[in-house]
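Coordinate analysis (summary)
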Amino acid sequence: MSGRTKFYGIIALIMAPFMFYGGITMTTSDEVDCGGQTMAEGDICTTYDDGSSTDRTIEEQRSDNKGTGVILLIVGVGMAAFGVFTVVQIARGRQNPAVAMHQPQPGQYPQQAAYPQQPGQYPPPGAYPQQQYPQPGQQPQQYPQQPGQWQQPPPGYPPQR
């Protein structure tokens, strides 16, 4: 986890309670707010955005405030979840797995054999044991199921012709 992600996670955890408070206040309050001022019956709230204006009655503004409160609650939950996740990761001391994979500790991985890099010589002859496979019609080798016990092949193996 990068330092920037940790920073944003902690900031999100700090801001989440304020988002909750604002969301709960906006959704449960009977007062209607327009630009920081409380509206009364018959007032019109005028907002300006990109050179245009929007007029809202007290009921339209109340509905807008409650919608904004719900959005604040949802964002607050997301921020709290991200913040808690970040703090848990910091507490566990986990690193980014992609970074950790490229930084092995001494003795963590066995030494690999050095193979010649010439065409046709990779891997070198004799690098791997040769396996003997039974020829068609030949009985396969029998392997023990448990030490000291041998099992016969099932009837009809290999198929009789």
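An account of the accompanying structure is given in this report. (Residues numbered from 1 in each chain as written. Predicted model: local features only at pLDDT ≥ 70, side-chain atom pairs only at ≥ 80, totals over all residues. Heavy atoms only, no water.)

1. Overview of the overall build of the protein chain
When its secondary structure is counted, the protein chain shows 3 helices and 4 strands. Secondary structure elements in the protein chain, listed N-terminal to C-terminal, are α-β-β-β-β-α-α. Relative to its 161 residues, the protein chain shows a buried fraction of 14%. Taking as baseline every contact in the protein chain between residues at least 6 positions apart, the subset at least 24 positions apart corresponds to 52%. In the form shown here, the protein chain has an accessible surface area of approximately 13400 Å², with 57% of it arising from carbon and sulfur atoms. (Helix = DSSP H or I, 4+ residues; strand = E, 2+ residues; numbered from the N terminus. Buried < 20%, exposed > 50% of the residue type's maximum accessible area, 1.4 Å probe, protein only. Contact = heavy atoms within 4.5 Å. Areas by Shrake-Rupley, 256 points an atom, 1.4 Å probe, with all protein chains shown as cover.)

2. A closer look at the packing of aromatic side chains
Evaluated as defined, the whole model comprises 1 aromatic pair. When the ring of F7 is compared with that of Y8, the centres are 5.8 Å apart and the planes differ by 55°; the resulting orientation is tilted. On the accessibility criterion, Y8 (46% relative accessible area) is partly exposed. (Phe/Tyr/Trp six-rings, centres within 6.5 Å; stacked < 30°, edge-to-face > 60°.)

3. Points about the pairing of strand β4 (residues 52-56)
Taken together, the 5 bridges between strand β3 (residues 45-49) and β4 define a ladder with antiparallel strand orientation. Its bridge partner being in β4, C45 is matched across the sheet by R56. Between β3 and β4, which pair antiparallel and follow one another directly, the connecting turn spans 2 residues, one of which, D50, has a positive phi of 55°. (Pairing = 2+ DSSP bridges.)

4. Some points on the state of the cysteines
Inspection of every chain in the model, using the stated rule, returns 1 disulfide. Note on cysteine connectivity: C34 is disulfide-linked to C45, with sulfurs 1.9 Å apart. The chirality of the disulfide connecting C34 with C45 is right-handed, given an S-S dihedral of about 80°. Taken together, the positions of C34 in strand β1 (residues 33-34) and C45 in strand β3 put the pair 11 residues apart, joining distant regions of the chain. Classification of C34 as buried rests on a relative accessible area of 16%. (Disulfide = S-S within 2.5 Å.)

5. Concerning the packing of helix α1 (residues 3-28) against helix α2 (residues 58-92)
The angle between the axes and the distance between the axes are what describe a pair of packed helices. Two elements in contact, α1 and α2, have axes separated by 6 Å at closest approach and are oriented at 150°. Taken together, the axis directions place α1 and α2 in an arrangement best described as roughly antiparallel. Two packed elements cross with a definite hand, and for α1 against α2 that hand is left-handed. When the residues that make up the contact of α1 with α2 are grouped by side-chain class, the tally is 21 nonpolar, 11 polar and 2 charged. (Axes fitted to C-alpha atoms, helices over the stretch in contact; angles between N-to-C directions. Parallel < 35°, antiparallel > 145°, perpendicular 65-115°, else oblique. Left-handed = near helix turned anticlockwise from the far one by under 90°. Nonpolar A, V, L, I, M, F, W, Y, C, P; charged D, E, K, R; others polar.)

6. Some thoughts on the environment of Y8
By the secondary structure assignment, Y8 is in helix α1. Along the backbone, Y8 and G83 are 75 residues apart, and their C-alpha atoms lie at a distance of 7.9 Å.

7. Remarks on α1
Since the α-helix turns once every 3.6 residues, residues separated by three or four places project in the same direction. In this model α1 runs 38 Å from its N-terminal to its C-terminal C-alpha over 26 residues, within 8% of the 38 Å that 1.5 Å per residue would give. For α1, the principal kink sits at M15 and spans about 35°; a proline, P17, occurs within the next four residues. Regarding α1, the residues found buried are G9, A12, A16, M19, G22 and G23. Summarising the contacts, the buried residues of α1 are in contact with α2. (Expected span 1.5 Å × (residues − 1). Bend = angle between axes of the 7 residues up to and from the residue.)

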